[in-house]
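Fold and contact review
Okay, here's what each chain looks like letter by letter:
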Amino acid sequence: MLGWRLETADRMVIPVSFNPGSNSMVADLQELPATVHSASWVAPASYLGDKVSSYGGYLTYQAKSFGLPGDMVLLEKKPDVQLTGQHMSIIYEETNTPRPDRLHHGRVQVVEGNFRHASSRAPVSREELMTVLSRLADMRIQGLYFTETQRLTLSEVGLEEASDTGSGRRAYAVEMCACPPAYAGDSCQGCSPGYYRDHKGLYTGRCVPCNCNGHSNRCQDGSGICVNCQHNTAGEHCERCQEGYYGNAVHGSCRACPCPHTNRFATGCVVNGGDVRCSCKAGYTGTQCERCAPGYFGNPQKFGGSCQPCSCNSNGQLGSCDPLTGDCINQEPKDSSPAEECDDCDSCVMTLLNDLATMGEQLRLVKSQLQGLSASAELLEQMRHVETQAKDLRNQLLNYRSAISNHGSKIEGLERELTGLNQEFETLQEKAQVNSRKAQTLYNNVNRAIQSAKELDMKIKTVIRNVHILLKQISGTDGEGNNVPSGDFSREWAEAQRMMRELRNRNFGKHLREAEADKRESQLLLNRIRTWQKTHQGENNGLANSIRDSLNEYEAKLSDLRARLQEAAARAKQANGLNQENERALGAIQRQVKEINSLQSDFTKYLTSADSSLLQTNIALQLMEKSQKEYEKLAASLNEARQELSDKVRELSRSAGKTSLVEEAEKHAQSLQELAKQLEEIKRNASGDELVRCAVDAATAYENILNAIKAAEDAANRAASASESALQTVIKEDLPRKAKTLSSNSDKLLNEAKMTQKKLKQEVHLALSNLQQTLNIVTVQKEVIATNLTTLRDGLRGIQRGDIDAMISSAKSMVRKANDITDEVLDGLNPIQTDVERIKDTYGSTQTEDFKKALTDADNSVNKLTNKLPDLWRKIESINQQLLPLGNISDNMDRIRELIQQARDAASKVAVPMRFNGKSGVEVRLPNDLEDLKGYTSLSLFLQRPNSRENGGTENMFVMYLGNKDASRDYIGMAVVDGQLTCVYNLGDRETELQVDQILTESETQEAVMDRVKFQRIYQFARLNYTKGATSSKPEIPGVYDMDGRNSNTLLNLDPENVVFYVGGYPPDFKLPSRLRFPPYKGCIELDDLNENVLSLYNFKKTFNLNTTEVEPCRRRKEESDKNYFEGTGYARVPTQPHASIPTFGQTIQTTVDRGLLFFTENGDRFISLNIEDGKLMVRYKLNSEPPKERGVGDAINNGRDHSIQIKIGKVQKRMWINVDFQNTIIDGEVFDFSTYYLGGIPIAIRERFNISTPAFRGCMKNLKKTSGVVRLNDTVGVTKKCSEDWKLVRSASFSRGGQLSFTNLGSPLTDHLQASFGFQTFQPSGVLLSLQTRTSTLQVTLEDGHIELSTRDSDGPIFKSPQTYMDGLLHYVSVISDNSGLRLLIDDQPLRNGQRPKRISSSQQSLRLGGSNFEGCISNVFVQRLSLSPEVLDLASNSLKRDVSLGGCSLNKPPFLMLLQGSTRFNKAKTSRINQLLQDTPVASPRSMKVWQDACSPLPRTQANHGALQFGDIPTSHLLFKLPQELLKPRSQFAVDMQTTSSRGLVFHTGTKNSFMALYLSKGRLVFALGTDGKKLRIKSKEKCNDGKWHTVVFGHDGEKGRLVVDGLRAREGSLPGNSTVSIRGPVYLGSPPSGKPKSLPTNSFVGCLKNFQLDSKPLDTPSSSFGVSSCLGGPLEKGIYFSEEGGHVILAHSVLLGPEFKLVFSIRPRSLTGILIHIGSQPGKHLCVYLEAGKVTASMDSGAGGTSTSVTPKQSLCDGQWHSVAVTIKQHILHLELDTDSSYTAGQIPFPPASTQEPLHLGGAPANLTTLRIPVWKSFFGCLRNIFVNHIPVPVTEALEVQGPVSLNGCPDH
């Protein structure tokens, strides 16, 4: 189905996507303009072309229009199918109209009676239909049938074709024509080789011969231009020679230009007799291009030689060099007198050595020229011999061609004679048929004559009888008395005589003779007919018997057919019954949905009004808060004024002359009092209005209703589609059994959904008191203001009147200020009062009871819908025993799980205290990851106790219990004992208890003041933080209590099947531990978080004696926060306006993790993703058909501080801006429209669709904004409306191979006790886990072959070694404890003891290193006991140095099966066997170590890298080996892989042996899938070539004797092994070419190309057992060189070298890392030459067995500049000389070489694994590119590699 696209009538393309689960194309039409009323599906190229063999077959497809059936109206009728070809369009219109929201099955037979012309609607003739099919250029299937269509799908499109190897019914309608010589094809629709089609004439034109002068048998139709000219010719008719060749292409041949021998270095030539003049390529010169041009070096006359540019100048221009060797010619002036003697002058020595080297090079140049001359003469003779043989071969080919032509003419003559014979035979047959018809006519005439004669005889006898009777009457002898009357006798007698005379006179002789003649002829004819009948009677009898047998056979088949039809009718009747039942059920559901939809508009109006009211109320509250602050300021000013006035009372009492002013002040105070009362009345009206709370309740209920309706609609749609599925799917896939299993799982999920929905209903009543609480707070503050005003008024009344003008004027000014402030307050409150009155007027008739009734009705609707869900699932199960395909069931299950997870997540976010009455309790649902709770547990909660009046004097109460149902095992619990909180925990061997020395706060339930309890446990240690009055306005200072359990165990082992979390109360049958055995809690409890994850009491499994709908929750003061905490497990879905001119999205983030997905949006196959990678922002995007691109944005942002991020999209400018902390990054390109974007993560379906591995974001976000304003996160999963105090804590880290995390200055350890604990997960068998070091002691925990080993610096070997292995990928905990009892190692709390007493621990600073060597996996919950700090978990993000480590989360690369990796790297044992040796690599926090750690070059932008793809074919036997367990290789296995290649031949896949195998290989560009067993073979070949350089998805496998091959989703073929043989596959699986064990019929070498996404039965196979000659697949242009990837690897060349006293090594490097081995020569420990990089410095180390030396060059600038750098190592006169570009150094000393030296191998990029005693500081493999290797001035061919280890590419380096 890949390749189908959807277009409108004006050819506008609508974005579509491919759904692999249903094998369908999907188009979203919700954003399509309403003016578009036509859209058609357009077929890809695989459905087009020559389709003549499809005549009489069927075109089938399945289409569906999604939407609300009630809103969908049928559009104007348009053709259902349209075919176009040969400038002719024909259409097909179906009689049945598709139904809305139902799957439509289309089926049309490709015959002329079903089609009409698109323009005239005239019928189509057979000739016209065949004309269209001969070159089918376009096929369209109608897509849009209805208005208001939301989504379209198209699937299962099939066009039948007839073939000789087909397995379907016989194609009677397809003709097989005997074509003339110029035509080919079943219907002669094509031209034979050597002919092309001339488009003149009727229909498709005629075929005429090609004119290619005998050099090609193919030419283009219409033009006749020749294609693929052979014999070195070119031109439209192959009439001229190619460039580089000369001769006569029309009458002769074309030969290669002799430049110098065969044409390799010229673009053309002119040959006149023996005179040759060549047009040379760049870099060559001479009459025959026999020399290198200036600036180039090499020997073109030598076999395999060429000219290469000199690399003597660093500016990229050609420099001066030796024309043969390429050595640069030094232009610097030399000493004038080199023979002059100098004493102790190093420069003179070097001058002499350089002169001697120049003389030696000149001698070598003369020698090489002489050798070149002799070799060239030999080569010229060989080429002449080859040319002679080529001429002879051409003559033989011409003779063979003429012989073939003669035989062809003879065959044509024989064909003509055969045609003539056939025509004569047909003529004779027609004549025989004519004679047979004549004989039949004659026979019929004879029969008629005989019949007439018989009738005449009867008439004569009648006449004679009548005559006798008459005679008797005449004579009167009639016995009966019948006599003739006498009167008439005479007359009658006369008449009789007359008649007798007349009879006698007549002559009948002539008639008698004619009758006798006719009789004779008739007799002869009758005899002849009888003879013919006897002759053909036997033949007729045989024919009759044959016909009779055939009739009997047909009758038996008709009987079988009748039985089958009856059975089909019965099944159809049964299906119709089921469909009717489903339709009735669906109709009932739709009616219910319509009923609920009818309420939707009313609720929408209510919600709109409620939203506006809430918004206005919020504005009013903000104004009131502002007014409150101003009133507080005013109250303070008035208090000061009152104090001053009180001090002056006595003085004022003496003055009584200003009574009017005092009275005026009193009146103004009364007015202030009245204004205060009015303000209080306005506030009371606003806070007392039930409308606000009811509106919020209605909003929440309406959201629940929408979710339920959406789920019901999805379920109804699935039920409708299920009823239309085929019965064959059930039979073939054995779905009934699977459906029962899935149905049971669905019932479980449904029960959970019902429980969750019940909890959500309770949430409506519990969680919406924030507004009332806020208003209550404002009310209290208002009362305080009123009290202050009253006090002021009383003070003013007590003032004695006096005559102090100054004081009164001061009072008047203060009163005026108060008056101004009051006016401002009133002005701000007037709009509030107006809005409140408007709300009352609008909803005056709507009482609280109406809203409650609406909520009750909504709740009843949800309950009805919930009750319908089980019936719906049972009906789905009964529909043809679950006909729904497995893919749809999986999608439904995933959707149900997602809905349940969203419901649970919403329940977890309800941060409302729950009230317990002393008899009630809840069981809280725990998170899934209980393994994390083993080593570290952090639980935070709030407690409140009612005051004594409400409590009734209860002092001892149960609070919570977290542990196993068996209370004697591990648990954590809390209780209130004597009014004080007591905390108890048990790790399996003993209980530890701590009681807080403060009394639990008592308060009123209506406004609860709660204490905060935070319990933190790290292994056996614990800490309790207790904050009294935490929710009050003035909380007390937290109290800290440490708990040391002295437990021998360190882990909290919770059984996932038996763990419970009881809060407030417990079930009656549960037996609490003795320390917690108290009555249930009475008061309020609120859970805060558990291990940084938000937890709520309303996310419960069950309740005990508690009805959350009746019990009103507690109320407490909360601080509002604009932060949202993303837990790293979910996402937030945000809608936006898709057609905004400049969409803008902004947020401020805080995080400490290294990886996380921040922002994501998509449309079709295009997307934009903003991620955190290695602590920095990285944007990945795909804006068009090009591959995805990446780009770094800004600096590191994972420091826990605020960072502002803004994304702005300019559609007109076709540009996107990403602003990070006011630094802009611009990305050019047209950004697609989107209506939704995601923050913090994405759903699983989108993650799988775009193959995104970046984890979800963990951290805080605030200031969320989009184009339309502030963002409110309503649709979230794993997002909390606050950030806890521990969110910055990083407890886990992911380690890449070789990654390390180091900490220094951890503090001093305890002198008598040491403990280091951690958890880890890995699949790797070896590596360092933890290394703890002080000044005098070292402790190290490592993995060796899966076993955990503990070593110290003083031990010769491991002290402990675990008997079991721990490389299973599960979380395991390790603790190392040293105390007075000795040293012990605990692994998952299983102890390994040793009586050894370690040394006294030093009090110096501790340093810690995590990871190292080959460790790859995760480490979490690290704890190191320190003297200065209380026990706490180690924050991995604080004061750490890291390399190849990702903080925050665990990204474990889990293989598809558990296996021990073979072929561990060369330094496994060398690095982990001895702790002292390993510690040499331990980095220390010094400037130098930090520089070494940061030795990697900055990452360059990846141009077109193929992520995860591997390159094959660098060497002939390159391969990956997978050692799969036998249980994975089932009798029915299916493999899948993505492939990209331009190779036409090579092996891709192989498994099995020579006798029984399965293979996939390329042959002539097509894929071939082969099966073989016991000499029987099956081959299936793809229809299309796959070597086009594009990615193709190949699926292949076998089912017993059957094989199957699918390329890009189109089924190629299926076949079976002969004789019903079956294939049993055993042995390893190879990608590429295995070294041995494959049949001879398969290709020997590996194909050349890339592979990725290798899968077995849909499970990825990511980790091979071994790799050989496989490297990373590099995209984009390449340049000459060897590429060593970051994973490490090296090359052993077949070219060996001799290390001697005169030696020179030259090569070029472009590093991507500043540390690594470049080149190593030698295989013995004491004799080698090694050149390596160390922290950017190049070093050459030489050891000849009797001693060694080294020299180094530090470049002035970093080598990470992306440029090539030249390195030269020279050994002359016992001097080791090293040159790096223009810098050089040398070391003089005795370097003796043994006289009998041997050839040594050359290693590139690494050192041999067996040289464990090699004394060099660097073992890391080189990362980068290396090229142009010369040893003693001779180039070393790197393509002739003896062995390639690791991912190394010999084909070239990326051109960065």
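It should be noted that the structure appears before, not after, this text.
A brief report on the enclosed structure follows.

Reading the values: rules and limits
- Residues numbered from 1 in each chain as written.
- Predicted model: local features only at pLDDT ≥ 70, side-chain atom pairs only at ≥ 80, totals over all residues.
- Heavy atoms only, no water.
- Buried < 20%, exposed > 50% of the residue type's maximum accessible area, 1.4 Å probe, protein only.
- Helix = DSSP H or I, 4+ residues; strand = E, 2+ residues; numbered from the N terminus.
- Pairing = 2+ DSSP bridges.
- Disulfide = S-S within 2.5 Å.
- Polar contact = N/O pair within 3.5 Å; in protein donor to acceptor, adjacent residues only side chain to side chain.
- Contact = heavy atoms within 4.5 Å.
- Axes fitted to C-alpha atoms, helices over the stretch in contact; angles between N-to-C directions.

**As for the pairing of strand S90 (residues 1765-1772)**
For S90, the buried fraction is high: 6 of the 8 residues fall into the buried class. As paired strands, strand S85 (residues 1703-1711) and S90 are joined by 7 bridges and run antiparallel to one another. What sits directly across from Leu1705, in S90, is Val1769. Following S90, the chain reverses through 2 residues before pairing antiparallel with strand S91 (residues 1775-1780); Gln1773 in that reversal takes a positive phi of roughly 50 degrees.

**Things to note about the state of the cysteines**
Following the criterion strictly, the structure yields 15 disulfides and no others. Disulfide pairing is shown between Cys212 and Cys226; the S-S distance is 2.0 Å. An S-S torsion of about -105 degrees defines the bridge between Cys212 and Cys226 as left-handed. Highlighted residues: Cys212 in the loop between strand S16 (206-209) and strand S17 (233-234) and Cys226 in the loop between S16 and S17, separated in sequence by 14 residues. We note that Cys212, like Cys226, is buried. Residue pairing for Cys259: its cysteine sulfur links by disulfide to Cys278, the two sulfurs lying 1.9 Å apart.

**Regarding the side chain of Ser940**
On the secondary structure map, Ser940 appears in strand S29 (residues 936-946). Of note is the side chain of Ser940, whose polar atom sits 3.0 Å from the side chain of Arg1012. Every residue in contact with Ser940, bar those within four places of it in the chain, is listed here: Arg1012, Val1013, Lys1014, Leu1087, Asp1088 and Asp1089.

**What to know about helix H1 (residues 126-134)**
Here H1 has its buried residues at Leu129, Met130, Thr131, Val132, Leu133 and Ser134. Looking at the buried side of H1, the elements it contacts are strand S7 (81-85), strand S8 (88-92) and strand S11 (136-142).

**Concerning the sheet that holds strand S6 (residues 58-66)**
Taking strand neighbours across the sheet as the criterion, the 5 strands line up as S3-S4-S12-S6-S9 in an open arrangement whose pairing is antiparallel. Taken across any chain shown, the strands that pair with only one partner, and hence form the sheet edges, are strand S3 (16-19) and strand S9 (103-109). Averaged over all pairs of adjacent strands, the angle between their axes in this sheet comes to 25 degrees, without regard to strand direction. Both S6 and strand S12 (residues 151-159) contribute to a ladder of 7 bridges, which runs antiparallel. Note that in S12 the partner of Phe66 across the bridge is Arg151.

**Notes on unusual backbone geometry**
The omega torsion of the bond from Cys259 to Pro260 falls at 0 degrees, within 30 degrees of zero and hence cis. Looking at the element boundaries, Pro260 is found in the loop between strand S20 (254-256) and strand S21 (266-272). With a phi angle near 55 degrees, Ser1413 is a residue other than glycine that sits in the positive phi range. On the secondary structure map, Ser1413 appears in the loop between strand S64 (1407-1411) and strand S65 (1417-1424). The residue Asn1828 is not glycine, and still its phi comes out positive at about 50 degrees.

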